[in-house]
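Okay, here's what each chain looks like letter by letter:
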Amino acid sequence: MAASNGNELLEIETGALPSLPNYVRDTVEAILTSLRLLRSNLHTLTILDNVSGVVQPGRMTLLLGPPGSGKTTLLLALAGKLDSTLKRTGDVKYNGCGLDKFCAQRTSAYISQTDNHIGELTVRETFNFAARCQGASKSWADYLKDIAKLEKEKGIHPSPEIDAFMKVASVGDGENNLVTEYTLKVLGLDVCANTLVGSDMVRGVSGGQKKRVTTGEMIVGPRKTLFMDEISTGLDSSTTYQIVKCMRNFVHQMEGTVLMSLLQPAPETFDLFDDMILLSEGHIVYHGPREKVLEFFESIGFSLPPRKGVADFLQEVTSRKDQEKYWSDKTKPYALVPSSAIAEMFKKSEYGRSIQSNLSVKDGKKFHPSALARTNFAISKWDLLLACFSRELILLSRHRFLYIIRTCQVAFMGVITCTLFVHSRSRADDFAKARLYLSCLFFGLVHMMFNGLSELPITISRLPVFYKQRDNLFYPPWAFVIPSWLLRIPYSIVEAVIWSCVVYYTVGFAPNVGRFFSFMLLLFSVHQMGLGLFRMIAAIARDFVLANTFGSAALLVVFLLGGFIVPKHEIKSWWSWAFWVSPLTYGQQAISVNEFTDSKWSKVSAYRNYTIGDDILLSIGISTHRYWYWIGVGVLLGYSILFNIVLTLALAYLNPLGKAQALIPTESEEQDEGIDSITNLIILSITEMPSSGESTHKKGMILPFQPLVMTFHNVNYFVNMPKTIKGVTPIPDGYNPATWMLEISTPACEERLDLDFATVYKNSDQFRKIEALIDEQSVPAAGTKPLRFETDFSQDKLSQFIICCRKQFIIYWRSPKYNVMRLFFAAFAALILGSIFWNVGSKRETTQDLLLVMGALYSTCLFVGVKNASTVQPVISIERTVYYRERATRMYSSLPYAAAQGLVEVPYILAQTVIFGVITFFMVNYERNLAKFVLYLLFLFLTLMYFTFYGMMAVGLTPTQHLAAVISSAFYSLWNLLSGFLIPQSSIPGWWIWYYYICPVAWTLHGIIISQLGDVESIIVGPGFKGTVKEYIEESLGYETGPGMTVVSAVVLLAFSVLFFSVYVISIKVLNFQKR
């Protein structure tokens, strides 16, 4: 593989820390720049400058260079994965073929520093899936045909062992693949093949093994060209050595091509490489055999001092700060030799000329055509679908606890619903009872739809692995979407059947069997639509916080304009389009028509010359024609298909968030005729930006302790070398003893020497001496005391709290994605609510007007509160992982940490309250009264606070964020059902009234409604009622409107906040879900 005359140009923008003001400023600037209202503040940066080189098969090549030298850019360029926002000139060729002549993504693989894997799969399952997608068995079968043909032509008799291996490898299936077993053996992963890969919260393989899994996932297929970027990140030198040694075996035994970048390899790791490329400030300053690099630098005046590692020397010899100390040419004074000058010297050297001569050879035709992949995917579409389907089945079984909990949740909520709306209390003889039936239908619809909310975090958590495998052409997006869609159809059927069987007849819906099955079909359609909707939101947002923010805004519109909260005739003209777009509209129409067109509701209404069924339908603007049921079912299934199509498109065309994007230069530049000008992809991390220069100011720090001076004189240190074991290779001079010990004590060495080193050690004098020393040291010396600390922590509780507060406030200030987004959502959701309920606060003529005002207050509390609880959960889940690690080191105790975590939320909740409260109060046009305005803000603040603390508590009590989302959704449904809006307090059965009094949303509605309407004496009329607003609240809703009840409501809500937060504190102190 060759690269010639490569240049990479990027326009970058300097920026400060990602604090809240900077994030807002940058966002505004980006919007104004895109609208051409502001000039772009960008400048051009050359990342790679005229680099050329050749990477040979069968040889390990090290890419060395300091941070910012362009290593990642070079690896991405060679892998054909640069971003189209980068201006690129030059050629990259594989076997003499340009990148446009074959499929580079299948021929090579870029392996990043991050190990993205599905933690619920074992190592073998991960490799088997990768082997199936990459057509490992098919490749071996193709090789076998070519070899058989060649052997026949030349009369060669193959080795029986190799022939048997290739034949077995060519017919392997997904579960028993010989190629997988061979790769596991080569990488030393056979010992953990059946171990889960693991994640932050689930114990799995070690860090070094996970790095090898990342590599093996790529080499288990036919691709043998790997570009490995800083794979030593987070690993110790010994583990890095073992991984590089495994890769060396792969390269030498399987004729692979590997270009690996490392930052500071240990000497023994450095010696494993055959060739090396030294990169500095975008220039290649050396490219050739590893053992010749010192000779080149000596020829230009720089020498390696004694006791200095070669890799460290090469990193520093091109540095402006460190270069002078390596100058060895005493015939002339030192002068800075920049990287560009060293690169020119290299080109004129024999090694540089050798590279140029290799580049001039046009030998693409002598390589076998199958060496380069020509198609996008290795196997047929059907086989890809089967591979993804098999993996999805495994994951479904590994997540079965989650789905069992969700199914039990449906049954549990169904039992509560049927006992709450039991038919003995809801006869079909008046409008008020029909309204309760309508509420029950609406709740069932919403519950089935929002039960798919847990798909949102599951989908987002799988996106990193999907993007990696998509970009390496393992499978197309549709192969990922279809299996998960199909496998959730039985799940939707189960939930629809359970809810229907538990609720339908016990509540007393229309007893017709056909309408029962129609009810079941509709719930299935709603559930499928909800699953598709939430998965689509996850794929578009690609982030937990963004998904919760923008997804909640969309769901708010769907929820409010579905025809129940705001009847069709009450919807403002500017929102009428949303009524017909909302999927809930068609679900509400279909389920209502299915029920209220039955003969059960044929009694004539006491208020209008219609049947009770028609009267209730017309009161919320729903047609009385039966065909609306089938229209509703058809539209819901159509939405399910549409959402999955949009999901597929989002997965196909959107890329991961959170990486700096470049801009294409506007100036057009002339290109040489012989060089292709291609715009290819680049996503750069901050490490690729070179430093802007060294500061001339002195830097230092104030030590938090009194420094001590230690002196020593005439110290001698001796180590007794262990007895030589026969057959063990002696340690070479200058070799790392730790690395040598790991090498000679492997199971393979033990088998070769027919030794068990553990047994040898136990039979040695050294072991007996250690045992004696242990016995001696186990008895305390006379007069000594045990080592004790007065406290478990170095700081007192108050100091811990102050330190944790400082840390949390800095983290939140620098977390704009979370905090700016929730403040933005507060403003955006307030504008939506205000425009939907525009001026309804002043309408007090009928009970319907009052219900509309209550709907505005109900929606305000429920949606914004649920959004806060959902958004805080991923933040707390991440923080909890850090907390487990820091608590284990006794940095601080649980209480100060939790108190700081709760306190840091308060100012942001207060800001949300002010933004949301001011906008909605005046747009909805509640009574202009200062006391009522303050009470409105107070109840809103208390509601947001207890919802936020509930979200924190849910994470603290559950092992995963996914389970927290499932359990939370059950409580949201329960609070919604018993809040006093869907079913008034006066209609709640005695056996459930206790829960009404411990439902926080019920107290929110109670407090906020009586604070705004409890003293209104305006006369209103409606079905079965005529009186004042205050009387309606007391009689129909069951609220006490006395002056003290507002205070009681506020105190109860504050108590809920304290309760939820206290449980969160106890949970993180007592429970530890990190199984590592």
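Before any of the text, the structure's been laid out above.
This write-up is about the structure you can find in this document. Quantities reported herein were computed from a predicted structural model and do not represent experimental measurements.

### Some details on the sheet that holds strand β9 (residues 275-280)
- Spatially, 6 strands are ordered β6-β7-β8-β3-β9-β10 in an open sheet, and the strand pairing comes out mixed. The two strands at the open ends of the sheet, each matched to only one other strand, are β6 (108-111) and β10 (283-289). Each strand axis lies, on average, 15° off the axis of its neighbour in the sheet, ignoring direction.
- As paired elements, strand β3 (residues 60-64) and β9 share 4 bridges and run parallel to each other.

### Regarding unusual backbone geometry
- Despite not being glycine, N50 has its phi angle at roughly 55°, a positive value.
- Position of N50 among the secondary structure elements: in strand β2 (residues 43-54).

### Digging into the packing of aromatic side chains
- Taken as a whole and assessed by the stated rule, the structure comprises 71 aromatic pairs.
- On the numbers, 5.5 Å between centres and 50° between planes, the contact of Y504 with F509 is tilted. As far as burial versus exposure is concerned, Y504 and F509 are alike and both buried.
- Ring pairing ties together the aromatic residues Y437, Y504, Y505, F509, F516, F517, F519, F596 and W601, which thus form one cluster.
- Directly above the aromatic system of F129 lies the positively charged group of R391, at a separation of 4.1 Å from the ring centroid.

### A word on the environment of G414
- In this structure, G414 sits in helix α16 (residues 400-420).
- For G414 and H447, which are 33 residues apart along the polypeptide, the C-alpha to C-alpha distance reads 9.8 Å.

### Some words on the pattern of salt bridges
- Per the counting criterion, the structure on display carries 28 salt bridges.
- A salt bridge links K468 to E217; its shortest N-O distance comes to 2.5 Å. Placement of the pair is K468 in helix α18 (residues 455-471) and E217 in helix α8 (residues 207-219), with a sequence separation of 251 residues.
- We classify E217 as buried; its relative accessible area is 2%.
- Between E886 and K807 there is a salt bridge; the shortest N-O distance is 3.0 Å. Separated by 79 residues along the polypeptide, E886 in helix α32 (residues 847-888) and K807 in helix α30 (residues 797-813) bring together distant segments of the chain.
- Assessed through its relative accessible area of 14%, E886 is described here as buried.
- By sharing partners, the salt bridges in this structure join E392, R406, E455, R462 and R488 into a single network.

### Description of the nonpolar core
- Counting 291 residues, the largest nonpolar core has L226, M260, F297, Y475, I565 and F837 as its most contacted members.
- Counting 6 residues, the second-largest nonpolar core is a separate cluster that includes L402, I458, Y491 and L963.

### Considerations on the side chain of T585
- One can find T585 in helix α23 (residues 583-596).
- Polar contacts involving the side chain of T585 include one to the main-chain carbonyl oxygen of L561, which spans 3.2 Å.
- Those residues in contact with T585, other than ones at most four positions away along the chain, are L561, G562 and F579.

Conventions adopted
The written sequence of each chain sets the order in which its residues are numbered from 1. Since the coordinates come from a predicted model, pLDDT governs what is reported: local features require at least 70, and pairs of side-chain atoms require 80 or more to be given and counted, while whole-chain, interface and lining totals use all residues. Computation of side-chain values covers all heavy atoms of the structure but excludes hydrogens and water. Paired strands, as defined in this entry, are two strands with at least two bridges between them according to DSSP. Counting from the N terminus, the helices are DSSP H or I runs at least four residues long and the strands are E runs at least two residues long. Interaxial angles span 0 to 180 degrees and are taken between N-to-C directions of axes, which are lines fitted to C-alpha atoms, for helices over the stretch in contact. When two rings of Phe, Tyr or Trp (its six-membered ring) have centres within 6.5 Å they constitute a pair, described as stacked for plane angles under 30 degrees, edge-to-face for angles over 60, and tilted for the intermediate range. Burial status follows relative accessibility: with a 1.4 Å probe on protein chains alone, a residue under 20% of its type maximum counts as buried, one over 50% as exposed, and anything between as partly exposed. In this scheme, the term charge over a ring applies when either NZ of a lysine or CZ of an arginine sits within 6 Å of the ring centre and within 35 degrees of the ring normal. Within this document, salt bridges are pairs made up of a side-chain nitrogen of Lys or Arg and a carboxyl oxygen of Asp or Glu, the two lying within 4 Å of each other. Throughout this description, the term nonpolar core refers to a set of buried Ala, Val, Leu, Ile, Met, Phe, Trp, Tyr and Cys residues connected via side-chain atoms within 4.5 Å. We call two N or O atoms a polar contact when they sit within 3.5 Å, provided that within protein one can donate a hydrogen and the other can accept it, with sequence-adjacent residues counted only if both atoms are side-chain atoms. The contact rule is simple, with two residues in contact once any of their heavy atoms fall within 4.5 Å.

Limitation: the analysis is restricted to geometry and does not speak to function.
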